[in-house]
2 protein chains.
Amino acid sequence: MKFNAINQKHINKLKQLCGENNVFTDQESVYKYSKDETEDLSFFPDLVIKPKNVREVSAVMKYCNEHLIPVTPRGGGTGLSGGALPVYGGVVLSTERLNSIIEIDERNLQATVEPGVITEVFMDAVSEKGLLYPVDPSSKGSCFIGGNMAHGSGGPRVVKYGTIREYVLNFEVVLPNGDIIWTGANTLKYASGYNLTQLLIGSEGTLAIITKIVLKLIPRPQHNILLMCAFPTNEDACAAVSAIFRAGVTPSALEFMERRGLEWVIEYDKLNFSVHVDAQAYLLVEVDGNDMDMLFADCEVINGVVEKHRCIEVLFADSSIQKEEFWKLRRVLPVSVKSNSIYKEEDTVVPRANLPQLVKGIKEIGKAYGFESVCYGHAGDGNLHINIIKASMTDEDWKNRLKDGIKEIFELTVKLGGTISGEHGIGLVQKDFMPIKYSEIHLNLMRGIKQVFDPNGILNPGKIF
Amino acid sequence: MKFNAINQKHINKLKQLCGENNVFTDQESVYKYSKDETEDLSFFPDLVIKPKNVREVSAVMKYCNEHLIPVTPRGGGTGLSGGALPVYGGVVLSTERLNSIIEIDERNLQATVEPGVITEVFMDAVSEKGLLYPVDPSSKGSCFIGGNMAHGSGGPRVVKYGTIREYVLNFEVVLPNGDIIWTGANTLKYASGYNLTQLLIGSEGTLAIITKIVLKLIPRPQHNILLMCAFPTNEDACAAVSAIFRAGVTPSALEFMERRGLEWVIEYDKLNFSVHVDAQAYLLVEVDGNDMDMLFADCEVINGVVEKHRCIEVLFADSSIQKEEFWKLRRVLPVSVKSNSIYKEEDTVVPRANLPQLVKGIKEIGKAYGFESVCYGHAGDGNLHINIIKASMTDEDWKNRLKDGIKEIFELTVKLGGTISGEHGIGLVQKDFMPIKYSEIHLNLMRGIKQVFDPNGILNPGKIF
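Within every chain, residues take consecutive numbers counted from 1 along the sequence as written. Written order decides the labels, with chains lettered from A and ligands numbered from 1. Local features in a predicted model are, by the rule used here, given only for residues with pLDDT of at least 70; side-chain atom pairs are given and counted only at 80 or more, and totals for whole chains, interfaces and linings are based on all residues. The basis for every side-chain value is the complete set of non-hydrogen atoms in the structure, without hydrogens or water.

Q: Describe the overall build of chain A, listing the residues and the values that go with them.
A: Only runs of H or I of at least four residues qualify as helices and only runs of E of at least two qualify as strands under DSSP, and these elements are numbered from the N terminus. Helix and strand content of chain A: 16 helices and 18 strands. Relative to the 2.2 N^0.38 estimate, which gives 23 Å for 465 residues, the radius of gyration of chain A is 22 Å and therefore close to what a compact globule would have. Dimensions of chain A, computed from the C-alpha atoms along their principal axes, are close to 70 × 60 × 45 Å. Exposed residues in this analysis have more than 50% of their type's maximum accessible area, buried residues have under 20%, and partly exposed residues fall in between, with area computed by a 1.4 Å probe over protein chains only. A total of 465 residues make up chain A; the buried ones form 63% of that total. If you sum the accessible surface of chain A, you get close to 16500 Å²; carbon and sulfur atoms cover 47% of it. Across chain A, the 49 positively charged side chains and the 58 negatively charged ones have centroids separated by 5 Å. Only C-alpha atoms enter the radius of gyration; for comparison, a globular chain is expected to reach 2.2 Å times N to the power 0.38, where N is the number of residues. For the accessible areas, the method is Shrake-Rupley and the probe is 1.4 Å, while residue cover comes only from the protein chains on display. His is not counted here, nor are the chain ends, while Lys and Arg score as positive and Asp and Glu score as negative. In plain terms, the charge of a residue is placed at NZ if it is Lys, CZ if Arg, CG if Asp and CD if Glu.

What follows is the structure in structure tokens.
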């Protein structure tokens, strides 16, 4: 790709478009924008710009498109696939000032927000009105809702409430050439030509920049019950997962955690939880609804199922404080792994009944390549996050040999009917693995779509393919 | 578009590809394929072909693409927007022999089906296993599940269970040049590049031919309660709709029916139901779940809400026979309208709280243009089917003046935050109205995507744009 380097003339013009105080070029200010949460990767942009509204975003894009300057859009910077890294330098367009909750429409159970709103801030705002927006990634306290759209983010509650795709009704977006469109309508149904809203979800900021989002909300369930179930092996825990659904219960969360991960998070966050001496893995199971008797009945069913799968202990969170503690075990897990070791995270997903085979296979591949791993994730969706730990691996093996091991993990995942990312996206770090899942025919369709939206290839270049 | 006319050489070759007995060219055999359920439109294809498997579909497409022969894919022929009409002649590719339920995977709560399976046949098959596939258009007894995918079809249960998009995991498709790909993975989550599965849903057979579908299933709820609520005006009934959701109840169906429609269906199908003398409109409300007490509690809430909206009568279906009768009122309504008068059906959808304004506006536009209308539809989704009745309109007005009235209806729909089709698609008959909703910029993105998939423009030409 042939991009133009940023010069003083460009800088002056961009300052004109968004205001002197919203354009940064000094190393100290742009450092933060050289990284996201993906390993230790760092790519410095030449310039960071923080537009305040769609008009400014449009003007910036128009200018950059005309001058062949690459633009990398950025949300909260919590991505795990390097999607927000400006690998070709140029401009990082941060959405942090596009941060208004424009409307919570209680008549239609809809909300309109800007992309820079922190996911949890939005969830809290709708919760106050008795409503639920159920898409809550682990990073909900710092990620932006626009980034969630770009990555097709998930979270624990997808298993009951459906994916993020079910909650997005409409986007206002700026195309790479600066044109502004609404992609759909503020309606629950839509059969009016190709669905660009759905195409943009998960497109990782390579097709357009989202400037407004219209979301569907649902009534907030009034009660929930949370259980922690201990199992002697990973396979037992994973096998229990699909059995719970087959028994007719759809939990509102069903999370898998390996023993070592729990030990790390307990130590890291000084949590008050004792891992059962014989437990190799835990399932965190939540059911929710409006009637406690029904929820107790669900729990009895779950109890019966996990017992059949050699569960050795079921803990019941009997206060909101204890619920918060159980959830912390899961939510802080990613950070505690990161703090403990150099690691790489892979975001596999398979049909959920194939989870036991996946977990077993991962450990076998680890043995063959000499790496250890800590696994956890949204087991109810068949979505397993594999944290590969450097531990005693040599730098040489970590750098060169590991790649082949990861390739084998993805090959196994695809063989089991799965794919190479469930909710983190492809971004920069998974793109070399795309041919494991996709034929050249398939990749060319994706490339063709990119060309339609972004003929100059200036928007988030170097990602996905 | 420059297509080649079909000659004897083409016919012979196509017979070679799919077998002598699966290719038809005589007027009597192809007559059925000249029509769908859209008004009285009829376009004769030159040839109808009925491939049995993906290999045959691929061979047909490869041949037609190379010889620039237009191909119109066809499901059950129940479409209401003319999507299956071969407006350029050429080949109709019927999926009627691709009619296997390949697998119902109870471990993963998934199923794999071919596109020619009748929707209700599939629903019954999964129901026998205690599972639910909730997407049930009115035509479920004769429409094909592949056609449901192509049109992004809905039905009454979308309001609780989500759109068809939430249930499709993966497609096997044949591209216009004969290439075969799987568009996604058999997983509940998917963040691995552009989501072609979602792009193909609702693309009306213009991008690829679906040959296999992997679907998500859910546990079937054990109980339901069905109510018929009578209101003195359309506006009262419509206003009650959004109030029910605001009261915290999500019904599994919430259908609106105008008095005249009910009178017609009762007469047409000899149904045993008396319309309340003061009723102008009815809501059919269903709640479902696993606990009868909870459902009764929901019904009490609903009762309170409809009373506040001047409901004059609530009828409770107290047997499965009566439930079937109530549902018949809604399901047979489209057919009874069709048998009663020359009509045109428009498939508007708005944010549900705007329904009263939409219904009121339609009647006012009708008065101005001299047409009558019967409205019904999935009010819980804000999705209203408007049946415009010729009645006493002159042929001249019906042919020429009516178009301006329909344009006004769509303009109002878009002004109310809605769009010109919620679940029927654009097809042939709505494409002239696309500019009401979309700018040229937006339409060009759609055209660009079409060009990527189908550079020769042979697949279902003349539809959407």
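Q: Before we move on, can you summarise the sheet that holds strand S3 (residues 71-74) of chain B with the specific residues and values?
A: Residues and elements named next belong to chain B. For two strands to be treated as a pair, DSSP must find at least two bridges joining them. One open sheet holds the four strands; their spatial order is S1-S2-S4-S3, and the pairing between them is mixed. In this open sheet, the two edge strands, each paired with only one partner strand, are strand S1 (23-24) and S3. Two elements, S3 and strand S4 (residues 91-94), share four bridges in a ladder whose sense is parallel. Opposite Val71, over in S4, you have Val91 as the bridge partner. Contacts are assigned to residue pairs with any non-hydrogen atoms lying within 4.5 Å of each other. Note on method: axes are straight lines fitted to C-alpha atoms, helices fitted across the in-contact stretch only, with angles between N-to-C directions ranging 0 to 180 degrees. Seen against the sheet, helix H1 (residues 8-18) touches S1, strand S2 (47-49) and S4 and runs at an angle of roughly 10 degrees to S2.

Q: Now, about the UniProt feature "domain: FAD-binding PCMH-type" (unreviewed entry) in chain A: what can you tell me, with residues and values included?
A: UniProt positions are given in the numbering used here, feature names are shortened, and annotations may be inferred rather than shown by experiment. What UniProt calls "domain: FAD-binding PCMH-type" (unreviewed entry) maps, in this numbering, to residues 41-220 of chain A. The annotated region residues 41-220 of chain A carries 21% helix and 23% strand content, and the separation between its end C-alpha atoms amounts to 39 Å.

Q: Please set out the packing of aromatic side chains residue by residue, giving values where relevant.
A: The geometry of an aromatic ring pair comes down to the distance between the two centres and the angle between the two planes. Only Phe, Tyr and Trp rings take part, Trp by its six-membered ring, and two of them pair if their centres are within 6.5 Å. Stacked means planes under 30 degrees apart, edge-to-face means over 60, and tilted covers everything else. Under the criterion given, the structure shown has 16 aromatic pairs over all chains. Taken together, a centroid distance of 5.6 Å and an interplanar angle of 85 degrees make the contact between Tyr194 of chain A and Phe465 of chain B edge-to-face. One end of the pair, Tyr194 of chain A, is in the loop between strand S9 (180-182) and helix H7 (196-200); the other, Phe465 of chain B, is in the segment after helix H16 (440-453), on a second chain. Here Tyr194 of chain A falls in the buried class, since its relative accessible area comes to 0%. Using a relative accessible area of 27% as the deciding quantity, one classes Phe465 of chain B as partly exposed.

Q: Account for helix H8 (residues 234-246) of chain A, naming residues and giving values.
A: Residue and element names in this part refer to chain A. To estimate the expected span of a helix, count its residues, drop one, and scale the result by 1.5 Å. In a regular helix each residue adds 1.5 Å, so 13 residues correspond to 18 Å; H8 covers 19 Å between its end C-alpha atoms and thus fits that length. Of all the residues in H8, the buried ones are Asn234, Asp236, Ala237, Cys238, Ala240, Val241, Ser242, Ala243, Ile244 and Phe245. Gly248 occupies a position one or two residues after H8 and carries a positive phi of about 95 degrees.

Q: Got a sec to walk through the environment of Val452 of chain B? Specific residues and values, please.
A: Tracing the backbone shows Val452 of chain B in helix H16. Between the alpha carbons of Val452 of chain B and Leu207 of chain B there is a distance of 8.8 Å; along the sequence they are 245 residues apart. What Val452 of chain B contacts, discounting residues up to four positions off in sequence, is Leu445, Gly448, Ile449 and Val452 of chain A.

Q: Outline the environment of Val249 of chain A, listing residues and values.
A: Residues and elements named next belong to chain A. Inspection of the secondary structure assignment puts Val249 in the loop between H8 and strand S13 (253-258). A sequence separation of 64 residues divides Val249 from Ala185, and the C-alpha atoms of the two residues are 34 Å apart. Those residues in contact with Val249 that sit more than four places away from it in its chain are Ile244, Val287, Asp298, Val301 and Ile302.

Q: Can you tell me about the domain arrangement of chain A, naming the residues and giving the values?
A: Put simply, an interface is often sized by how much accessible area is lost when its parts join up. Residue and element names in this part refer to chain A. Partitioning chain A into structural domains gives domain 1 (101-219), domain 2 (223-334) and domain 3 (340-424). The centre of domain 1, based on its C-alpha atoms, is set 30 Å off from the matching centre of domain 3. At the interface, eight residues of domain 1 touch six residues of domain 3. Approximately 480 Å² of surface area, both sides summed, lies buried where domain 1 meets domain 3, with 44% of it carried by carbon and sulfur atoms. Throughout the structure description, domain borders are defined by an automatic or database domain assignment. Put simply, buried area is the surface a 1.4 Å probe can reach on two separate parts but cannot reach once they are joined, added for both.

Q: Account for the interface of chain A and chain B, naming residues and giving values.
A: Each partner contributes residues to the interface: chain A has 82 residues there, and chain B has 82 residues. The working definition used for a salt bridge is a side-chain nitrogen of Lys or Arg within 4 Å of a carboxyl oxygen of Asp or Glu. The interface formed by chain A and chain B contains four salt bridges. Between Glu423 of chain A and Lys189 of chain B there is a salt bridge; the shortest N-O distance is 2.9 Å. For the purposes of these results, a polar contact is taken to be a pair of N or O atoms within 3.5 Å, where, inside protein, one atom must be able to donate a hydrogen and its partner to accept one; residues adjacent in sequence count only when each atom of the pair is a side-chain atom. Our count for the chain A to chain B interface comes out at 34 residue pairs in polar contact (both at pLDDT 80 or more). Elements represented by at least two residues in the side of chain A that touches chain B include exactly S9, H7, H8, helix H15 (434-437) and helix H16 (440-453) of chain A.

Q: A description of the pairing of strand S16 (residues 343-349) of chain B should follow, citing residues and the corresponding values.
A: Residue and element names in this part refer to chain B. Most of S16 sits out of view: six of its seven residues are buried. In this structure, S16 lies alongside strand S18 (residues 383-389), joined through seven bridges in antiparallel fashion. Note that in S18 the partner of Asp347 across the bridge is His385.

Q: Describe H16 of chain B, listing the residues and the values that go with them.
A: Between the first and last C-alpha of H16 of chain B there are 20 Å, a value that for 14 residues agrees with the 20 Å anticipated at 1.5 Å per step. Along H16 of chain B, the residues that are buried comprise His442, Leu443, Leu445, Met446, Gly448, Ile449, Lys450 and Phe453 of chain B. For H16 of chain B, the elements touching its buried residues are S9, H7 and H16 of chain A together with helix H7 (196-200) and helix H15 (434-437) of chain B.

Q: Any chance you could break down the relation of the copies chain A and chain B for me, citing the residues and the numbers?
A: Our superposition of the copies is a least-squares fit, built on the C-alpha atoms of residues whose pLDDT is at least 70 in both. Once chain A has been moved 0.0 Å along the axis and rotated by 180 degrees, it coincides with chain B to within an RMSD of 0.0 Å. In the structure described here, the two chain copies are related by an operation that fits a two-fold rotation axis.

Q: I'd like to hear about the nonpolar core, residue by residue, with values.
A: The biggest cluster of nonpolar side chains holds 189 residues, and the ones touching the most others in it are Tyr133 of chain A together with Tyr133 of chain B. Those residues in contact with Tyr133 of chain A that sit more than four places away from it in its chain are Thr119, Phe122, Met123, Val126, Ile145, Met149, Ile164, Tyr167, Leu215, Lys216 and Leu217 of chain A. Only buried Ala, Val, Leu, Ile, Met, Phe, Trp, Tyr and Cys residues count toward a nonpolar core, and they belong to the same one when joined by side-chain atoms within 4.5 Å.

Q: Before we move on, could you go through the pattern of salt bridges and cite the residues and values that matter?
A: Pairing between side chains of opposite charge can happen when the charged atoms of each approach one another. Residue and element names in this part refer to chain A. Taken as a whole and judged by the stated rule, the model has 54 salt bridges over all chains. Where Glu166 meets Lys216, a salt bridge forms, and the shortest distance between an N and an O atom there is 3.6 Å. Separated by 50 residues along the polypeptide, Glu166 in the loop between helix H6 (158-161) and strand S8 (168-174) and Lys216 in strand S10 (residues 209-216) bring together distant segments of the chain. As far as burial versus exposure is concerned, Glu166 and Lys216 are alike and both buried. Its salt-bridge partner being Glu372, residue Arg260 comes within 2.4 Å of it at the nearest N-O pair. Of the two residues, Arg260 is situated in helix H9 (residues 259-269) and Glu372 in strand S17 (residues 372-378); the sequence distance between them amounts to 112 residues.

Q: Outline unusual backbone geometry, supporting the account with residue identities and numerical values.
A: All names here are of chain B. For Glu204, which is not glycine, the phi dihedral falls at a positive 60 degrees. Relative to the helices and strands, Glu204 is located in the loop between H7 and strand S10 (209-216). According to the relative accessible area criterion, Glu204 is buried, its value standing at 3%. Phi is positive for Ala391, which is not a glycine, with a value near 45 degrees. Following the sequence through the fold, Ala391 ends up in the loop between S18 and helix H14 (395-415).

Q: Please give an account of the packing of helix H8 (residues 234-246) of chain B against helix H13 (residues 355-369) of chain B that cites residues and values.
A: All names here are of chain B. The interhelical angle for the contact between H8 and H13, taken along N-to-C directions, is 155 degrees, at an axis separation of 8 Å. On the basis of their axis angle, the class for H8 and H13 is roughly antiparallel. The hand of the H8/H13 crossing is right-handed. Contacts between H8 and H13 involve Asn234, Glu235, Cys238 and Ala239 from the first element and Leu355, Pro356, Val359, Lys360 and Lys363 from the second. Comment on the angle field: the value is read as roughly parallel under 35 degrees, roughly antiparallel over 145, roughly perpendicular from 65 to 115, and oblique elsewhere. Should the near helix be turned anticlockwise from the far one by less than a right angle, the crossing is left-handed, and should it be turned clockwise, the crossing is right-handed.

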